[in-house]
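Examining the three-dimensional arrangement
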Amino acid sequence: MFFASDNSGPVPAPVLESLTRANDGYSIGYGGDALSQDVADRIRTLFEAPDAAVYLVPTGTAANALALACLCPPYGTVFCSPVAHIHEDECNAPEFYSGGAKLTLVPGGDRMTPEALRATIAAEETRGVHGPLRGPVSITQVTERGNVYSMDELRALTAVAKEFGLPVHLDGARFANAAVKLDVTPAEMSWKIGVDVCVFGGTKNGLMGVEAVVIFDPARAQEFEFRRKRAAHLFSKHRYLAAQMEAYLQNDLWRDLAGRANSRGTQLVQGLTQAGVRVHNDTHANMVFFDLPRGAHRAVMAAGATYHVWGSLDGPADEMLMGRLVCDWSVQPEAVSAFLAAVQAAG
């Protein structure tokens, strides 16, 4: 019953097998090897973007921060949700790697609305050189509160960005989960709706540690290359990043892994709802936010469940606290059933 995060589970066997194959013999470093070049080509094919620049980095923070640095000057600002990962969980990395650009938070919840985004963008550039220059809009899909933007919602946001001539960055740490949930192709959820730079996440969907940054305007490629090297994220033994991504792409493993995680998320939502438990996110993929009394959280964890709770477990037993459950590809239906039984037993 381990639901702490989808970056906590094991690595699928095909990924380890690909790493073993890549470990044979010698290879040119820094991404100059044949495997790295082949993986980049396959990602271009997957995204139906033959001219895109594709780069592998080891972490989602590096992917987001370096991508945004290429889209936003030091005197600019990035527009994002108040609970965006780039704001809450990356220790000011986007600000650091951009050389000082700020983040402007769009009021509301985890899913930005076009109205709130338009008003927030319009509120900038009212002070001339005394305020930040309008910069990219950053969208997180799946959001940090477990919701999945619909395609219409995404189109509406990118349309607002284009009204102001601003580029769009898609934080796709859980890109695969969203694509499977919406039953769309990577191209349909990226450049075809106006995304300029997309992170195709792997680490939270079973990989050991690799993300792909897909830049649809190749004119931005050289800047990313310099920034990646300067930030110490250009791996010498790059083939080991590429090997993970090779397995991820083979036979649509990325879709299979995300589908498994999403199925367990649906099982959780259905079970919790049937038990009368409030679920916060009205859409879901593999992440569920829910309420239980503090005493029930303690009882469920004592039964063996691992997950995050907002607030201390010390305090009145009847006070409601929000919990977060995240399913990775390896979670079994029996584990979900055991968790739901523990919730029922906790009352």
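Below or above, wherever it landed, is the structure these notes cover. (Residues numbered from 1 in each chain as written. Predicted model: local features only at pLDDT ≥ 70, side-chain atom pairs only at ≥ 80, totals over all residues. Heavy atoms only, no water.)

**Observations concerning the overall build of the protein chain**
Of regular secondary structure, the protein chain possesses 13 helices and 10 strands. Taking 20 Å as the expected radius of gyration for a compact globule of 347 residues, we find that the protein chain reaches 21 Å, a close match to that expectation. The principal-axis extents of the C-alpha atoms in the protein chain amount to approximately 60 × 60 × 35 Å. Each of the 347 residues in the protein chain was classed as buried or not, and the buried ones make up 55%. In the protein chain, once contacts between residues fewer than 6 apart in sequence are set aside, the share between residues at least 24 apart is 75%. Here the protein chain displays about 14300 Å² of accessible surface, and carbon together with sulfur accounts for 53% of that area. Side chains of the protein chain give 29 positive and 38 negative charges; the mean places of these two sets differ by 2 Å. (Helix = DSSP H or I, 4+ residues; strand = E, 2+ residues; numbered from the N terminus. Rg over C-alpha atoms; globule rule 2.2 N^0.38 Å. Buried < 20%, exposed > 50% of the residue type's maximum accessible area, 1.4 Å probe, protein only. Contact = heavy atoms within 4.5 Å. Areas by Shrake-Rupley, 256 points an atom, 1.4 Å probe, with all protein chains shown as cover. Lys, Arg positive; Asp, Glu negative; His and termini not counted. Charge placed at Lys NZ, Arg CZ, Asp CG, Glu CD.)

**Quick notes on the sheet that holds strand β1 (residues 53-57)**
Spatially, the 7 strands line up as an open sheet ordered β1-β7-β6-β5-β4-β2-β3, and their pairing is mixed. In this open sheet, the two strands that pair with only one neighbour each are β1 and β3 (102-105). Direction aside, the axes of adjacent strands within the sheet are offset by 25° on average. Bridge count between strand β2 (residues 76-80) and β3: 4 bridges; the pairing is parallel. By the bridge assignment, Val78 is partnered in β3 with Leu103. (Pairing = 2+ DSSP bridges. Axes fitted to C-alpha atoms, helices over the stretch in contact; angles between N-to-C directions.)

**Let's talk about the packing of helix α11 (residues 253-274) against helix α13 (residues 333-346)**
Put simply, α11 and α13 touch, their axes get as near as 10 Å, and they point 20° apart. Looking at the two axes, α11 sits roughly parallel to α13. Taken as a pair, α11 and α13 cross one another with a handedness that is right-handed. Residue-level inspection shows Arg264, Gln267, Leu268, Gly271 and Leu272 of α11 in contact with α13, the latter providing Pro333, Val336, Ser337, Phe339, Leu340 and Val343. The residue inventory of the contact of α11 with α13, partitioned by class, reads 7 nonpolar, 3 polar and 1 charged. (Parallel < 35°, antiparallel > 145°, perpendicular 65-115°, else oblique. Left-handed = near helix turned anticlockwise from the far one by under 90°. Nonpolar A, V, L, I, M, F, W, Y, C, P; charged D, E, K, R; others polar.)

**Quick look at the packing of aromatic side chains**
Tallying each qualifying case throughout the model produces 13 aromatic pairs. With a centroid separation of 5.1 Å and an interplanar angle of 85°, the aromatic rings of Phe96 and Tyr97 are classed as edge-to-face. Note on Phe96: relative accessible area 63%, which makes it exposed. The rings of Phe47, Phe175, Phe200, Phe216, Tyr248 and Trp254 are connected pair by pair, giving a single aromatic cluster. (Phe/Tyr/Trp six-rings, centres within 6.5 Å; stacked < 30°, edge-to-face > 60°.)

**Section: the sheet that holds strand β10 (residues 320-326)**
Here 3 strands make up an open sheet; going across it, the order is β8-β10-β9 and the pairing antiparallel. Two strands close off the open sheet at either side, each with one partner strand: β8 (287-293) and β9 (308-310). Direction aside, the axes of adjacent strands within the sheet are offset by 30° on average. In this sheet, β10 lies alongside β9 in antiparallel orientation, the contact comprising 3 bridges.

**Quick look at the pairing of strand β7 (residues 211-215)**
With 5 of its 5 residues buried, β7 lies for the most part within the structure. Neither face of β7 is open: one carries Glu211, Val213 and Ile215, the other Ala212 and Val214, and all of them are buried. Bridging between β1 and β7 involves 5 bridges; their strand directions are antiparallel. Following the sheet pairing, Val54 is matched in β7 by Val214. The pairing of strand β6 (residues 197-201) with β7 spans 5 bridges and is antiparallel.

**Concerning the pattern of salt bridges**
Applying the stated criterion across every chain, the model contains 16 salt bridges. As a salt-bridge pair, Arg134 and Glu125 come within 3.3 Å of each other at their nearest N and O atoms. Arg155 is paired through a salt bridge with Asp152; the nearest N and O atoms lie 3.0 Å apart. With a gap of 3 residues between them, Arg155 and Asp152 both fall in helix α7 (residues 151-163), about one helical turn apart. Judged by its relative accessible area of 41%, Arg155 is partly exposed. If you follow the salt bridges from partner to partner, you end up with Arg111, Glu153 and Asp282 in one network. (Salt bridge = Lys/Arg side-chain N within 4 Å of Asp/Glu carboxyl O.)

Fair warning: the whole summary comes from geometry, so function is off the table for now.
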